Amino acid sequence: MVPGTAITARERDVTATPATPAQPHSPPARSRGTRPAPAPSRSVPARTVRAGRAARAARAGRLVRTARAAHDVLVLMGLPVLAALALPAAFAGGGTRRWFGGRAETQRAEAQAAKDAAAAAFYELDTAQRDLRISIETITAADDSPAARRAAADFEALSRRVDEASHRYIQAIDAQDLDRDDLDASAANRARIALTAARDELCDVKRELDRFARGLGPLLDKAETQLARVAPGVERARQALSAAAAALDGARASGFRADDLAARLAALSPELTKLNQGAGQHGVRQTLERAERVTREAEAIRAEAARLPERAAEIDRRLVSLRTRAQALHTRTEQVEPQLSELRRRFALACWQDLQQVPEQAAGHVRQAELRLKEAQAAREEQRWPDATALLSTVRALLNTADEAVSAVGDRLRRLNEVQKDPQAEIERTRFAIRDAQRLAMAGRTTPDPRHAGPLDASVARLERAAATLTGHHPDYWHFLTETEAIRRTVADVVALIREERGAGR
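Since this is a predicted model, take the numbers as computed values, not measurements.

> I would appreciate a short explanation of the pattern of salt bridges in the present structure.
A side chain with one charge can pair with a side chain of the opposite charge if their charged atoms come near. Throughout the structure, instances matching the rule amount to 37 salt bridges. Linking R257 and D259 is a salt bridge whose minimum nitrogen-to-oxygen distance equals 3.6 Å. Judged by its relative accessible area of 41%, R257 falls in the partly exposed class. Taking the relative accessible area as the measure of exposure, D259 reaches 49% and is therefore partly exposed. Residue D387 is joined to R384 by a salt bridge in which the shortest nitrogen-to-oxygen separation is 2.7 Å. A relative accessible area of 36% places D387 in the partly exposed class.

> Explanation requested: the side chain of T484 in the structure shown.
Within the fold, T484 resides in helix 16 (residues 477–503). Here the side chain of T484 touches E426 through a polar contact of 2.8 Å, side chain to side chain. When near neighbours in sequence (up to four residues on either side) are disregarded, T484 contacts E426, T430 and L463.

> It is not clear to me how unusual backbone geometry should be interpreted in this structure. Could you clarify?
Phi angles above zero are rare outside glycine, and A258 is one such case at about 55°. Within the secondary structure, A258 is located in the loop between helix 6 (217–253) and helix 7 (259–267). In this structure, Q383 is a non-glycine residue whose phi angle is positive, near 60°. Turning to its location among the elements, Q383 is positioned in the loop between helix 12 (358–381) and helix 13 (385–421). Exposure remark for Q383: the relative accessible area of 16% places this residue in the buried category.

> Looking at this structure, I do not really get the environment of A114. What am I missing?
Locating A114 in the fold gives a position in helix 3 (residues 103–142). Discounting residues that sit within four places of it in the chain, A114 has contacts with R192, L195 and T196.

> Which parts of the structure should I look at to understand the packing of helix 11 (residues 308–346) against helix 12?
A pair of packed helices is captured by two measures, namely the crossing angle of their axes and the spacing between those axes. Relative orientation of the contacting elements helix 11 and helix 12 amounts to 165°, with a least axis distance of 9 Å. Between helix 11 and helix 12, the angle is such that the two are roughly antiparallel. When you trace helix 11 past helix 12, the crossing you get is left-handed. Split by residue class, the contact of helix 11 with helix 12 holds 15 nonpolar, 3 polar and 5 charged.

> Quick question: what am I supposed to make of the side chain of H452 here?
Within the secondary structure layout, H452 lies in helix 15 (residues 450–468). In this structure H452 comes out as buried when scored by relative accessible area, which is 5%.

Definitions and limits used
Residue numbers run consecutively from 1 along every chain, following the written order of its sequence. It should be noted that, the model being predicted, local features are given only for residues of pLDDT at least 70 and side-chain atom pairs only at 80 or more, the latter also being counted only at that level, while totals for whole chains, interfaces and linings use all residues. Excluded from the side-chain calculations are hydrogens and water; all other atoms, namely the structure's heavy atoms, are used. When a carboxyl oxygen of Asp or Glu is within 4 Å of a side-chain nitrogen of Lys or Arg, the pair counts as a salt bridge. Under the scheme applied here, a residue whose accessible area is under 20% of the maximum for its type counts as buried, over 50% as exposed, and between as partly exposed, the area being computed with a 1.4 Å probe on protein chains only. A helix here means a DSSP run of H or I that spans at least four residues, while a strand means a run of E at least two residues long, and both kinds are numbered starting from the N terminus. We define a polar contact as two N or O atoms separated by no more than 3.5 Å, with the added condition that, inside protein, one atom must be a possible hydrogen donor and the other a possible acceptor, whereas residues neighbouring each other in sequence contribute only through side-chain atom pairs. Working rule for contacts: check all heavy atoms of both residues, and any pair within 4.5 Å makes them a contact. Simply put, an axis is a line fit to the C-alpha atoms, just over the touching stretch for a helix, and the angle between two N-to-C directions goes from 0 to 180 degrees. Relative orientations are named as follows: roughly parallel for angles under 35 degrees, roughly antiparallel for angles over 145 degrees, roughly perpendicular for angles from 65 to 115 degrees, and oblique for any other angle. By definition, any crossing whose near helix is turned counterclockwise from its far helix by less than a right angle is left-handed, and any crossing with a clockwise turn is right-handed. We call Asp, Glu, Lys and Arg charged. Ala, Val, Leu, Ile, Met, Phe, Trp, Tyr, Cys and Pro are nonpolar, and the rest, Gly among them, are polar.

Structure follows, in structure tokens:
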């Protein structure tokens, strides 16, 4: 045999057949217990992830084929030197690897395909678990109901199921190195069976996760609605605080200290800090309530700061008005004593005895009002607006009491003069009210209702007794007036009862 001819034939064999059969791309082997890299972000679809893996596998295959081609060129360059040794070994069947594959290579390819399918199932399960965890965290952050707590507990149980399936998948991956040159057919077949079982288990758990996720729809919708309110609510609170601070600065620029408003605004600073920390730390419901509370308080501060000039002007007006009224009441109090003297001179003791202390009480109330006015003026000058407002309310109450007491004396004298002049007018007025009530009670009836007739008949008797007291030199006109007023109130109650019953259809 001519050496040159043998080398040429060997060249044809080597260049026609690759060194090893093309292998599907597979991830590098990992040590036991090592979890594969996480799947892409939830925002990338699983189909895109698989396409990316396929593209990377194709690029890796091309790199392997390029390296092998370079290796073949180097071998060909050295063949003239090694021909004598290489050819006998080739013809003698040296080496354990078959050039054109065989049963072991077929089993290796099937195991590699099972490995790729299991990896894809693992990544899909991992992505579904992470997406579902985000949903559960959203629900628990916005909802503390029993249903939300039950969903969180169920998810933890499913997560343990996912961990178990993932652990068995990793065990199947680590059990055999499919890239090992001496991998036999039985080992490849065992790897294929284990990887197929792991893939099936991963797919089963994935279906359980999908069913669980579909059942979370109402809870997730409610939680997302709550979460959608958080950002606008927090922003409204921030804007309200900013507006309050601006209004406070404007009031201070106008000469108002507004110390109380500044203290209230400073008290909201810790609340703003918690709002900035977010709902993840303090809860959605608590954050929403805090934002609403801060917004209300800040708006109140802003409104009060903007109203400070008007409030100061109003306090000034009330100070002038109440001071004028106090002076007028002081003058009227001095006129009470002459009116009491006339009552003592013309009427019986019972007609004026309860008014004896009016002059002293009225004067005391006026003096107290004048003292509170001075305190209110000082509070206004010191810009203690709440204190000034409270003091002015006290002044008004004191002056009202004094006014009623002073007016009571004059009103008593006027009424006693009227009844002394014509007592019959008061009798006729009361009698007319009784007769009008009696006609109403008999309207549409042949006999009166005892519940109506009894009080009306008693009122007639009371009026006759009251009129009989107007005898003697100094009759008790005040008792007569109070008795006739009481009779008219009783008659008015009977009339109201009759109309209520007839309005109800009884």
